[in-house]
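Okay, here's what each chain looks like letter by letter:
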Amino acid sequence: MFAMAGGIVLSLGNLSTQYAWALVGLSVTEVITSSITVVIGSTLNYFLDDKINKAEILFPGVACFLIAVCLGSAVHRSNADDNKAKLRDFETAKQEASGPSTEIGTNSSKDLETNVTTKPKEGTARFLIELENTRAIKVFGKRKIIGLAITFFAGLCFSLFSPAFNLATNDQWNRLKQGVPKLVVYTAFFYFSVSCFIIALILNVVFLYYPVLGLPKSSFKAYLNDWNGRYWAFLAGFLCGFGNGLQLMGGQAAGYAAADSVQALPLVSTFWGVVLFGEYRRSSRKTYLLLFCMLFMFISAVAVLMASSGHRK
């Protein structure tokens, strides 16, 4: 039951994260969710694992993750303000360009923004507008707090699946009867994966007919007939399951508190977001500074918590 509970909260966290990516962005979402996972999950696992991790190293690392969470929220707010300023300037430039007495030179920045015949550059207002038009989840007009709330909920779910799995394999609360063997990692992972799949199937079918955040209604038949991008989804699911399995195996060997901390999600997602998807292009210096500080704090925290690992007796 603990293993299945872990699969349920992981599935809820994964689904929430997919909405948070659209509203908050890859980099900030992954840093905040991963940091919350460590702050709550590693603390719970530290006590469940009979304190096999070095507390004098573990908790300073947890504090660094907590700072990374605060910086992630600041990055999101700063970037949202930058985008609002870009869109406001773009609308002003359009109004001036359409005025009878206004002439815009061919080399002016406003002309580059309003020239609809050229492909928009990443980070510009036109780029943001065209991106919004292709999104399934619309972000214009959404309150910033909605994206952050979904992100924090996802982080809370992620922080509970590892302690639940820890209880499933080590029975610290003595729920098993005398003489009943504990679950090995692989058996627990089977029940974990089954419950994760079932709850994901139920939630996805429900959201097809009762969508949230303004998404259009669909049907199970339309879902089965639409294979556009489905292969990427299968690949993502395989990588997620494979990574979870390795993390839980490592937690059983070296302590789940340390296993929670070794997460490269924010670093990889920041590369994807900035290099491939154009996140934070042409943002303010304040946003760049906060983004650097957030990633630096996260990397420092990972290094510190890796040093806290111990060995299960």
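As recorded in an unreviewed UniProt entry, the protein chain goes by Ureide permease and comes from Arabidopsis suecica. In UniProt, the protein chain has this text filed under Sequence similarities (unreviewed entry): "Belongs to the plant ureide permease (TC 2.A.7.19) family." What UniProt states about the protein chain under its Subcellular location (unreviewed entry) heading is, verbatim, "Membrane".

Engineer: Talk me through the UniProt feature "transmembrane region" (unreviewed entry) in the protein chain; I want residue IDs and the actual numbers.
Structural biologist: Those places that UniProt annotates as "transmembrane region" (unreviewed entry) correspond, in this numbering, to residues 57-76, 145-168, 188-210, 231-250, 256-277 and 289-308. Spanning residues 188-210, this segment combines 96% helix with 0% strand, and its end C-alpha atoms are found 33 Å apart. Split by type, residues 231-250 is 100% helix and 0% strand. Its first and last C-alpha atoms lie 29 Å apart.

Engineer: Help me get a handle on the side chain of Thr37, residues and values and all.
Structural biologist: Mapped onto the secondary structure, Thr37 falls in helix α2 (residues 26-48). For Thr37, a relative accessible area of 4% corresponds to the buried category. A distance of 2.7 Å separates the side chain of Thr37 from the backbone oxygen of Thr33, its partner in a polar contact.

Engineer: Describe the confidence of the model for the protein chain, listing the residues and the values that go with them.
Structural biologist: Predicted confidence across the protein chain gives a mean pLDDT of 79, with 85% of residues reaching 70 or more. Mean pLDDT values over the elements of the protein chain span from 46, in helix α4 (residues 109-114), up to 91, in helix α7 (residues 185-209). Low pLDDT (under 50) marks residues 101-114, which in the prediction has 19 contacts with non-local residues, meaning those over four places away or in another chain.

Engineer: Mind laying out the environment of Lys142, listing which residues take part and the relevant values?
Structural biologist: Following the sequence through the fold, Lys142 ends up in the loop between α5 (125-134) and α6 (144-170). Non-local contacts of Lys142, meaning those with residues more than four positions away in its chain, are made with Leu23 and Leu213.

Engineer: Can you explain the packing of α2 against α6? Please cite residues and give values.
Structural biologist: Contact pair α2 / α6: the axes reach a minimum separation of 8 Å and the direction vectors enclose 30 degrees. Of the possible angle classes, the one that applies to α2 and α6 is roughly parallel. Of the two elements, α2 crosses α6, and the hand of that crossing is right-handed.

Engineer: Give me the packing of aromatic side chains: which residues, what numbers.
Structural biologist: Here the structure, examined in full by the defined rule, presents eleven aromatic pairs. Plain terms: the ring middles of Phe238 and Phe242 are 6.1 Å apart, the flat faces sit at 10 degrees to each other, and that makes the pair stacked. With Phe238 and Phe242 both in helix α9 (residues 230-254) and four residues apart, this pair spans about one turn of that helix. With respect to class, Phe238 is no different from Phe242; both count as exposed. Among the aromatic residues, ring-to-ring pairing joins Phe161, Phe165, Phe189 and Phe192 into one connected group. A cation over an aromatic ring shows up here: Arg230 above the ring of Trp227, its NZ or CZ 5.2 Å from the ring centre.

Engineer: Which residues make up α2, and what values go with them?
Structural biologist: Here α2 spans 31 Å end to end across 23 residues, near enough to the 33 Å set by a 1.5 Å rise per residue. Approximately 30 degrees is the largest bend angle found in α2, and it occurs at Gly41. Counting buried positions over the 23 residues of α2 gives 19, a clear majority of the element.

Engineer: I'd like a rundown of the pattern of salt bridges, residues and numbers included.
Structural biologist: If you walk through the whole model with that rule in mind, you get one salt bridge. Salt-bridge contacts for Glu130 lead to Arg126; the nearest nitrogen and oxygen are separated by 3.4 Å. With Glu130 and Arg126 both in helix α5 and four residues apart, the pair spans about one turn of that helix.

Engineer: Any details on the nonpolar core? Residues and values, ideally.
Structural biologist: Soluble globular proteins tend to bury their nonpolar side chains together. Judged by nonpolar contacts, the single largest core of 36 residues is most densely connected at Phe65, Val75 and Met294. Of all the elements in the fold, those that place two or more residues in this core are α1 (2-24), α2, α3 (55-97), α6, α7 and α12 (285-306). It is α12 that provides the largest number of residues to this core, a total of nine residues. In contact with Met294, not counting residues within four places along its chain, are Ser27, Val31, Ala68, Leu71, Gly72 and Val75.

Engineer: Which residues make up α6, and what values do they have?
Structural biologist: The terminal C-alpha atoms of α6, which comprises 27 residues, lie 41 Å apart, in line with the 39 Å expected from a rise of 1.5 Å per residue. Most of α6 sits out of view: 19 of its 27 residues are buried.

Engineer: Can you explain the environment of Leu23? Please cite residues and give values.
Structural biologist: Topologically, Leu23 is positioned in helix α1. Taking the relative accessible area as the measure of exposure, Leu23 reaches 12% and is therefore buried. The sequence separation of Leu23 and Ile150 amounts to 127 residues, and the corresponding C-alpha distance is 9.0 Å. In this view, Leu23 contacts His76, Ile137, Lys138, Val139, Lys142, Ile146, Gly147, Ile150 and Leu213; residues no more than four positions away in its chain are not counted.

Rules and cut-offs
Residues numbered from 1 in each chain as written. Predicted model: local features only at pLDDT ≥ 70, side-chain atom pairs only at ≥ 80, totals over all residues. Heavy atoms only, no water. UniProt positions renumbered as here; feature names shortened; annotations may be inferred. Helix = DSSP H or I, 4+ residues; strand = E, 2+ residues; numbered from the N terminus. Buried < 20%, exposed > 50% of the residue type's maximum accessible area, 1.4 Å probe, protein only. Polar contact = N/O pair within 3.5 Å; in protein donor to acceptor, adjacent residues only side chain to side chain. pLDDT = per-residue confidence, 0-100. Contact = heavy atoms within 4.5 Å. Axes fitted to C-alpha atoms, helices over the stretch in contact; angles between N-to-C directions. Parallel < 35°, antiparallel > 145°, perpendicular 65-115°, else oblique. Left-handed = near helix turned anticlockwise from the far one by under 90°. Phe/Tyr/Trp six-rings, centres within 6.5 Å; stacked < 30°, edge-to-face > 60°. Lys NZ or Arg CZ within 6 Å of the ring centre and 35° of its normal. Expected span 1.5 Å × (residues − 1). Bend = angle between axes of the 7 residues up to and from the residue. Salt bridge = Lys/Arg side-chain N within 4 Å of Asp/Glu carboxyl O. Core = buried A, V, L, I, M, F, W, Y, C linked by side-chain atoms within 4.5 Å.

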